[in-house]
2 protein chains.
Amino acid sequence: MLIPLEGEATLYISRMGSLQTSKEAKIGLKIREVASPEDFSRKLKTEAGRFKGLGFDDAPYSLISRLKKAGLRLAQHAEAVVKLRQVKEAWEIKAIRRAVRLAEEALAEASKYVKPGVSELEVAAAAERVLRLGGSEFYPFSTLVASGFRASYPHAEPTRKKIRDGEPVVVDLGAKVSGYCADLTRTFFAGKPGEAVAEAWRAVLEARDEAIRGIKPGMTGSEADRLARETLAKHGLEKFFIHGLGHGVGLEVHEAPSLSSAGKEKLVEGMVFTVEPGVYVAGRFGVRVEDTVLLEKGGVKLLTGKLGRELISLL
Amino acid sequence: MLIPLEGEATLYISRMGSLQTSKEAKIGLKIREVASPEDFSRKLKTEAGRFKGLGFDDAPYSLISRLKKAGLRLAQHAEAVVKLRQVKEAWEIKAIRRAVRLAEEALAEASKYVKPGVSELEVAAAAERVLRLGGSEFYPFSTLVASGFRASYPHAEPTRKKIRDGEPVVVDLGAKVSGYCADLTRTFFAGKPGEAVAEAWRAVLEARDEAIRGIKPGMTGSEADRLARETLAKHGLEKFFIHGLGHGVGLEVHEAPSLSSAGKEKLVEGMVFTVEPGVYVAGRFGVRVEDTVLLEKGGVKLLTGKLGRELISLL
């Protein structure tokens with residue numbers, strides 16, 4: 001898609017996709033069919049003559065390299081797009097909120113399957129069914145379901161492993177509505193967990209509350225991360241928090257800003273990001289809670305509704 | 001992942017992923033944790049000193065650009081990897097066959113939902129449930145369900161649109177097993193279709209049979225494509241076949257070789273690709289049938305079993 005500073009964008013698309021796009025696109029677009037990669041290079045080059053320069057966001061190296069060989073002058077300007085995308089407009093927030101509400105419903109369904117003898121795959125299937133029937137535009141990422149020792153892997157896709165009595169079950173899933181994502185995690189318990197798990201869970205919830213209460217516009221991503229990290233440190237659990245506190249959410253499920261020790265940028269009003277503290281004890285267990293939130297003038301606003309809040313297990 | 005010409009590969013991975021990978025990886029690997037993008041550049045640069053040069057397959061432009069700025073000398077050698085990947089070894093074919101069999105089961109389930117009043121979303125949800133419970137590693141792409149006029153869009157994701165009496169319903173889905181994909185399409189009919197649809201369907205099945213009978217090692221991708229295209233031309237339907245006959249299938253659902261008018265490369269034994277003729281009458285209807293097949297010495301071998309063959313509606 002070629003987006004000029006002024007005027008309508010042009011979408012270059014194969015013959016196979018042009019009819020559907022012309023019927024279903026929700027924004028004004030010039031649509032130009034391209035017959036082959038070479039045809040695309042040619043058409044883009046002709047159009048490029050009208051502009052002083054062309055910047056691109058990001059793309060496979062092979063594509064940029066081919067376009068350069070075809071004589072196009074291109075420069076990467078990802079940062080311009082990143083800046084534009086990380087602060088959301090009202091209509092974008094509305095789409096994300098709808099995605100969050102759908103993700104909540106999927107988590108509520110998943111929670112019904114968390115009991116001894118049910119497999120991780122069954123939990124995922126139940127959640128994805130709700131997402132699909134609710135109109136999620138595919139799944140922004142594979143639903144993660146991790147029970148017992150597998151919950152110590154932060155990104156564990158579901159397996160045939162069956163849930164056992166007392167195990168924590170981490171369910172992390174996303175929905176996409178009008179192109180915008182939501183990303184939520186809840187940890188459910190298949191019966192009463194052991195004391196180590198319960199302690200970790202209470203500490204994670206405390207870290208979540210500290211972060212949600214404490215994050216304000218003007219803080220950097222690393223300062224936000226520290227709020228949760230220091231709370232976990234008080235419980236001696238800091239070393240088990242092996243990822244950042246959160247990441248921006250929008251057209252992609254992971255985008256700027258970064259709420260982590262590397263997050264130098266200031267958080268500002270209108271940013272949407274996750275708050276997701278977790279504790280992972282290698283090979284034993286893991287727990288995590290994750291919300292997609294909006295930063296407003298006064299601080300963090302949850303985009304989850306009543307349902308999402310009720311799904312936070314209090315031991 | 002750094003793969004030397006001799007010896008073990010090294011996987012660079014975040015702390016968050018290293019435990020799971022060390023437990024679940026099915027091949028021998030050196031695993032090195034990286035703390036940040038900068039740490040990755042640094043560690044890769046140290047390692048790179050051992051080699052005459054580093055080639056890469058493909059990657060985001062931003063990543064290659066960052067590594068080059070860190071002083072690494074890198075050259076793109078995608079073609080070497082493409083060549084290696086497009087001819088499959090026996091264990092790869094075995095994984096693809098398992099994925100094909102799972103995709104067949106999902107299509108069989110989907111077919112039960114093709115009746116008037118059922119939405120496209122419900123068909124997709126039913127199919128994806130079978131894929132998920134059967135252990136597909138997520139979904140290689142969104143299940144496509146396109147009914148009636150929407151079937152004239154070759155890549156239509158499912159919507160709330162309800163199937164109507166006599167409509168064709170194109171269901172295109174994939175499964176992934178041990179990292180390898182399958183890609184299958186069937187067209188089902190919600191009752192007796194109109195004569196134009198029935199004629200197009202019979203022509204598509206004839207084009208499929210011609211291609212499957214006619215494709216032999218030594219042919220180019222464009223010659224293979226022509227087998228189907230000429231059959232459709234006999235029925236005056238060539239202009240409605242708006243995409244290539246097929247594409248390679250493997251670790252990715254779309255890879256080399258290309259069976260299309262642009263396919264200059266020779267097809268050889270051990271290649272796995274799709275054969276997927278279709279007819280799309282803009283805004284009115286569409287029909288397509290797609291198999292994932294293996295090229296053997298004597299010609300094309302279907303990887304679908306009895307179930308997949310029985311799912312081809314004969315009018």
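All right, on to the sheet that holds strand β6 (residues 168-177) of chain A then. Within a sheet, neighbouring strands are paired by backbone hydrogen bonds and run either parallel or antiparallel to one another. Residue and element names in this part refer to chain A. The three strands are arranged β5-β6-β7 in an open sheet whose pairing can be described as antiparallel. This sheet does not close on itself; its edge strands, each paired only once, are β5 (144-147) and β7 (180-189). On average, each strand axis in the sheet is inclined to that of its neighbour by 10 degrees, with strand direction left out of account. The pairing of β5 with β6 spans four bridges and is antiparallel. The partner of Ser 147 across the bridge, within β6, is Val 169. Seen against the sheet, helix α5 (residues 90-112) touches β6 and β7 and runs at an angle of roughly 25 degrees to β7.

Okay, unusual backbone geometry next. Along the chain, Ala256(A) connects to Pro257(A) via a cis peptide bond; the corresponding omega equals 0 degrees. On the secondary structure map, Pro257(A) appears in strand β9 (residues 255-259). In the Ramachandran plot, Ser178(A) falls in the positive-phi region, its phi being about 50 degrees despite a non-glycine side chain. Among the structural elements, Ser178(A) can be located in the loop between β6 and β7. Note on Ser178(A): relative accessible area 38%, which makes it partly exposed. With phi around 55 degrees, Phe138(B) is a residue other than glycine that occupies positive phi space.

Our next topic: the packing of aromatic side chains. This model, assessed by the stated rule, comprises 17 aromatic pairs over all chains. Ring geometry for Phe56(A) against Tyr61(B): centres 5.0 Å apart, planes inclined by 85 degrees, an arrangement best described as edge-to-face. Pair noted here: Phe56(A) is in strand β3 (residues 54-56) and Tyr61(B) is in helix α3 (residues 61-69), and the two residues belong to different chains. Among the aromatic residues, those joined into a ring-pair cluster are Phe56(A), Tyr61(A), Phe56(B) and Tyr61(B).

We now examine the packing of helix α3 (residues 61-69) of chain A against α3(B). In the contact formed by α3(A) and α3(B), the axes pass within 7 Å of each other and the chain directions differ by 85 degrees. Taken together, the axis directions place α3(A) and α3(B) in an arrangement best described as roughly perpendicular. Contact residues: Tyr61(A), Ile64(A) and Lys68(A) in α3(A); Tyr61(B), Ile64(B) and Lys68(B) in α3(B). Among the residues making up the contact of α3(A) with α3(B), the classes are represented as four nonpolar, no polar and two charged.

Conventions used here
- Residues numbered from 1 in each chain as written.
- Chains lettered and ligands numbered in written order.
- Predicted model: local features only at pLDDT ≥ 70, side-chain atom pairs only at ≥ 80, totals over all residues.
- Heavy atoms only, no water.
- Pairing = 2+ DSSP bridges.
- Helix = DSSP H or I, 4+ residues; strand = E, 2+ residues; numbered from the N terminus.
- Axes fitted to C-alpha atoms, helices over the stretch in contact; angles between N-to-C directions.
- Contact = heavy atoms within 4.5 Å.
- Buried < 20%, exposed > 50% of the residue type's maximum accessible area, 1.4 Å probe, protein only.
- Phe/Tyr/Trp six-rings, centres within 6.5 Å; stacked < 30°, edge-to-face > 60°.
- Parallel < 35°, antiparallel > 145°, perpendicular 65-115°, else oblique.
- Nonpolar A, V, L, I, M, F, W, Y, C, P; charged D, E, K, R; others polar.

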